[in-house]
Amino acid sequence: MSLILRNWKRALLMIILSGYTAFAAGPFIWVSMMSLRTTPEINDNPYTFPEAFHWEKYAVAWSESDYSVYFWNSAMVTTIAVLAVTIIASMTAHCLARYRFPGNRLIFFIIFSTLIFPPQIVMISLFQVLVKYGLFDTHLGLILVYIALQMPLTVFILEGFFSRLPQDLYDAAKMDGYSNFESYWRLTLPIGLPAIATTVILNFIHIWNEFLFAVVLIASDEKRTLPLGIQKFYGDRLEDVGMIATGVMISVIPVILIYIFFSEKMIQGMTAGAVK
Amino acid sequence: MAAVKLENVSKRYPGSQELAVDAFNLEIADGEFLVLLGPSGCGKSTALRMIAGLESITTGTLYIDGQIMNHMPAKDRDIAMVFQSYALYPHMNVANNLAFGLRRRKVPRDKIARRVENVADMLGLGPFLGRKPHALSGGQRQRVALGRAIVRDPKVFLFDEPLSNLDAALRVSTRNELVKLHQRLGATMIYVTHDQVEAMTMGQRICIINNGKLVQLGVPLQVYREPADTFVAKFLGNPPMNLFNARLEASGDGVAARFGNRVIPLPAMDAAKLTAYMDRTVIVGIRPEDLSEIRSQDRHEHPNSFTARVAAVEALGAETLLILEIEEVEEIVRARFDRDSTARLGDEICINADVDRVHLFDPESSRSITCR
């Protein structure tokens, strides 16, 4: 009896999970199929698998538009911003989690409280600041804005993880002769890698896909990032649905690669502390 | 190896009114194994951490080998510490855990390898050098933590309750290993514990701490037999010493304790030194093992015997612990009898007190006034 009940429960769970997977992955698979089909094929039958795989569309999308420029702009801005956020936020989180000093919790609260404001409300002031310091329409300006925007959540996630690392480890390192910076470098970073991987993925995806600040703070065509490029691509090829799908897929590939690379560590980070 | 000396050392944490450690004066000889013993939160770990350099010293002076260490960074004190949680670096294997401290001290690679190998052999860690801490048992982790301290060949070893995470059997064997290790290395070791069995069996001297104050310092049996106050009397010994209020009276040339209508002479006490307490209430203490069961028909041979009702029996196999109620005293009485005791719950039995082993304490200061 209990075996039948268990099988039913499992079947129900499978149905729910399959439904959710189809719901979540369906649009993505549909776009990826469209990216390999021509627009006339799509117009004939939007919901089908490709009869022939038109891989050459990727080369066309890459070479006939400015995709390569946008792609490298995005890659540079995202890589530098994610790297800087990871280093600065992990150091901040290490200090807040590890050292007792006056104002520790106040600083944490101030950083944390910025999370509740929608980033759009700082748009105008950021625009003015960037113009004043000659950073408007520069990649450096955009990178600095991304660092500032991603910092609170990153510090919050990392501080939560780092503060659970036992103090004895740091005391042992201190007795072994390691300085505060070496403790950060040799203990916090390697032990905190799962949490750091989580923030790297979240920040990478967010910055890679970021549109609003990029569209306001970048004006020149050659400095556009990929989300702006895709928008331009839409405008240029309004009728060419197949090519738009190909362009979208190109923009998604780095995110998938980053996810595959860091996902194991990220899952460790998400489940850390859940089991003994 | 080195001698350690604490001179009026105190610690007050920021924002706290209380002293965590209150004016410790303590000298630990070169090569000595000293145990700091006390209940949780008494300040023993804080004292150890101040010696290690992990906590600052609020007032007082710490000397190691005659040198003032108050402001010396932890890394320069040449001290190794074994933590309660072992504090093994989870991302490094056993070999790297052992070598981590030596690398920072710029010890040549071949020397590090040799020392790691020696310590691994000494502690039986050879087969586990490539494993990470999560793949080791509790006992193995404990040995790695110990090895990490030994490999540095420090002047002083500090142990902060290193056995408390081990199971009972492993604790006993590791206790013996630590004693052997001390004999072998001849190093100065300071060991913090709240476990009186560890203190009694391992320490050459034990230092009892309560509420941040050093209460008594001495060799284990001396502290057990001559507790300085009622705290030590109750803290050391399991079951703890029985303490009763009684009136001290003159009895011929000597003194006697009055419990209600019963007057029990205390022939071992020096009456001349107790004159200040005559006709006053004092605290009388007797250890459970100094009470013995006698047959009721032999009672007339034991003028210091009492009739007691058995309120609880704990037959432990090797011995039998009893909780007794005696008409003459308000407090319950704990007794330790041998394993052949036939006392059962609710029985009335006769017990005899070994009056030569009775302790006396001042009721106000709780300090011992025993004078034999």
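Sequence order as written defines the numbering, with residues in each chain counted from 1. Here every chain gets a letter starting at A, and every ligand a number starting at 1, in the order they are written. Local features in this predicted model are restricted to residues of pLDDT 70 or higher, and side-chain atom pairs are both shown and tallied only at a pLDDT of 80 or more, whereas totals for entire chains, interfaces and linings draw on every residue. In computing side-chain properties, one takes all heavy atoms of the structure into account and sets aside hydrogens as well as water.

Visitor: Looking at this structure, how should I read the overall build of chain A?
Guide: When you go through chain A residue by residue, the secondary structure sums to 13 helices and zero strands. Note on conventions: DSSP H or I runs of at least 4 residues are helices, E runs of at least 2 residues are strands, and numbering of each starts at the N terminus. Ordering the α and β elements of chain A from the N terminus gives α-α-α-α-α-α-α-α-α-α-α-α-α. Each principal axis of the C-alpha distribution contributes one length, and for chain A these read about 75 × 70 × 35 Å. Whether a residue is buried, partly exposed or exposed follows from its accessible area with a 1.4 Å probe, protein chains only, as a fraction of its type maximum: under 20%, in between, or over 50%, in that order. Burial analysis of chain A (276 residues in total) assigns 43% to the buried set.

Visitor: Explain the pairing of strand S9 (residues 205–210) of chain B here, please?
Guide: Across a regular strand the side chains alternate sides, sitting on one face of the sheet and then on the other. Residue and element names in this part refer to chain B. Most of S9 sits inside the fold, with five of its six residues counted as buried. Between any two strands, at least two bridges found by DSSP are needed for them to pair. Two strands pair when backbone bridges link them, and strand S3 (residues 33–37) and S9 are joined in this way by four bridges, in the parallel orientation. Looking at S9, one finds that Val35 is bridged to Ile206. Of the strand pairs in this sheet, S9 and strand S10 (residues 213–218) are connected by five bridges, and their pairing is antiparallel.

Visitor: What is the right way to look at the interface of chain B and chain A in this model?
Guide: Every contact between the two is made by 24 residues of chain B and, on the other side, 16 residues of chain A. For the pair chain B and chain A, the two sides together bury roughly 1800 Å², of which 60% comes from carbon and sulfur. We count a salt bridge whenever a side-chain nitrogen from Lys or Arg sits within 4 Å of a carboxyl oxygen from Asp or Glu. Between chain B and chain A we count three salt bridges in total. A salt bridge links Arg49 of chain B to Asp171 of chain A, with the shortest nitrogen-to-oxygen separation between them at 2.8 Å. What qualifies as a polar contact is a pair of N or O atoms within 3.5 Å, subject to a donor-acceptor requirement within protein and to the restriction that residues adjacent in sequence count only when both atoms come from side chains. In this structure, the connection of chain B to chain A is made through 10 residue pairs in polar contact (both at pLDDT 80 or more). Elements with a minimum of two residues in the side of chain B that touches chain A: helix H1 (44–52), strand S6 (79–82) and helix H2 (94–104) of chain B. At four residues, H2 of chain B tops the list of elements feeding residues into the side of chain B that touches chain A. Here a residue-residue contact requires only that any non-hydrogen atoms of the pair lie within 4.5 Å. Accessible-area loss on putting two parts together, using a 1.4 Å probe and summing over both, is the definition of buried area adopted here.

Visitor: Would you mind going over the sheet that holds S9 of chain B with me for this structure?
Guide: Sheet strands associate in pairs through backbone hydrogen bonding, adopting either a parallel or an antiparallel arrangement. All names here are of chain B. Overall, mixed pairing links the six strands, which are arranged S6-S7-S8-S3-S9-S10 in an open sheet. At either end of the open sheet lies a strand with only one pairing partner, and these are S6 and S10. In this sheet, adjacent strand axes meet at a mean angle of 20 degrees when their direction is disregarded. As defined by bridge partners, strand S7 (residues 156–160) adjoins strand S8 (residues 188–193) across five bridges and the pair is classed as parallel. Bridge pairing in S8 links Leu158 to Ile190. Axes here refer to lines fitted to C-alpha atoms; in helices the fit is confined to the stretch in contact. Angles between the N-to-C directions go from 0 to 180 degrees.

Visitor: Please clarify how the packing of helix H4 (residues 67–98) of chain A against helix H7 (residues 139–162) of chain A should be interpreted in this entry.
Guide: Helix-helix packing is characterised by the crossing angle of the two axes and by the distance between the axes. One way to put it is that H4 of chain A packs onto H7 of chain A with a least axis distance of 7 Å and a crossing angle of 35 degrees. Considering the relative orientation of H4 of chain A and H7 of chain A, their crossing is right-handed. When the near helix sits turned anticlockwise from the far one by under a right angle, the crossing is termed left-handed; a clockwise turn instead gives a right-handed crossing.

Visitor: Whenever I open this one, the nonpolar core confuses me. Can you help?
Guide: Buried together is how nonpolar side chains tend to be arranged in soluble globular proteins. In these notes, a set of buried Ala, Val, Leu, Ile, Met, Phe, Trp, Tyr and Cys residues joined through side-chain atoms within 4.5 Å is what counts as a nonpolar core. In terms of nonpolar packing, the biggest core is built from 97 residues, with Val4, Leu6, Leu36, Leu158 and Ile190 of chain B touching the most fellow members. No other element matches the 13 residues that H4 of chain A contributes to this core. Apart from residues no more than four positions distant in its own chain, Leu6 of chain B is found in contact with Phe24, Asn25, Leu26, Ile28, Ile51, Thr61 and Leu62 of chain B. Counting residues in hydrophobic clusters, the runner-up holds 46 residues, among them Ile150, Leu181, Phe235 and Leu236 of chain B.

Visitor: Where do I start with the packing of H4 of chain A against helix H10 (residues 193–209) of chain A in this structure?
Guide: Residue and element names in this part refer to chain A. It is the contact of H4 with H10, at a shortest axis distance of 9 Å, that shows an interaxial angle of 145 degrees. Considering the relative orientation of H4 and H10, their crossing is right-handed. Residues Phe71, Ser74, Ala75, Thr78, Ala81, Val82, Val85 and Thr86 of H4 touch H10, and the partners they reach there are Ile196, Val200, Asn203, Phe204, Ile207 and Trp208. The residue classification treats Ala, Val, Leu, Ile, Met, Phe, Trp, Tyr, Cys and Pro as nonpolar and Asp, Glu, Lys and Arg as charged. All others, Gly included, are polar. Split into classes, the residues belonging to the contact of H4 with H10 amount to 10 nonpolar, four polar and no charged.

Visitor: Is there a simple way to think about helix H5 (residues 104–113) of chain A in this case?
Guide: Turn by turn, an α-helix covers 3.6 residues, leaving residues three or four places apart pointing in a common direction. For H5 of chain A, the set of buried residues is Asn104, Phe108, Ile111 and Ser113 of chain A. Buried residues along H5 of chain A sit in contact with H4 and H7 of chain A.

Visitor: Which parts of the structure should I look at to understand empty space enclosed by the protein?
Guide: Sizing a probe to match a water molecule and rolling it over the atoms shows the empty space that remains. A cavity here means a set of 1 Å grid points, computed over protein atoms only, where a 1.4 Å probe fits but cannot escape. A pocket is an open set with protein on both sides within 12 Å along at least 5 of 7 lines, and lining residues have an atom within 4 Å of a point. Grid points are joined across faces, edges and corners, and a volume is the space filled by probe spheres set on the points. Considering all chains together, one arrives at three cavities of 30 Å³ or more under this definition. By volume, the largest cavity is sized at about 180 Å³. Elements supplying a minimum of two residues to the lining of the largest cavity: strand S13 (262–266), strand S14 (281–286) and strand S19 (348–353) of chain B. As a volume, the second largest cavity reaches approximately 80 Å³. Along its surface, the second largest cavity is lined by Ala172, Met175 and Asp176 of chain A together with Ala80, Met81, Phe83, Ala145, Arg148, Ala149 and Arg152 of chain B. Of all elements in the fold, only helix H8 (167–175) of chain A together with S6 and helix H4 (138–150) of chain B reach the threshold of two or more residues within the lining of the second largest cavity. Among the elements that line the lining of the second largest cavity, the one with the most residues is H4 of chain B, at three residues. When its residues are assigned to classes, the lining of the second largest cavity shows seven nonpolar, no polar and three charged.

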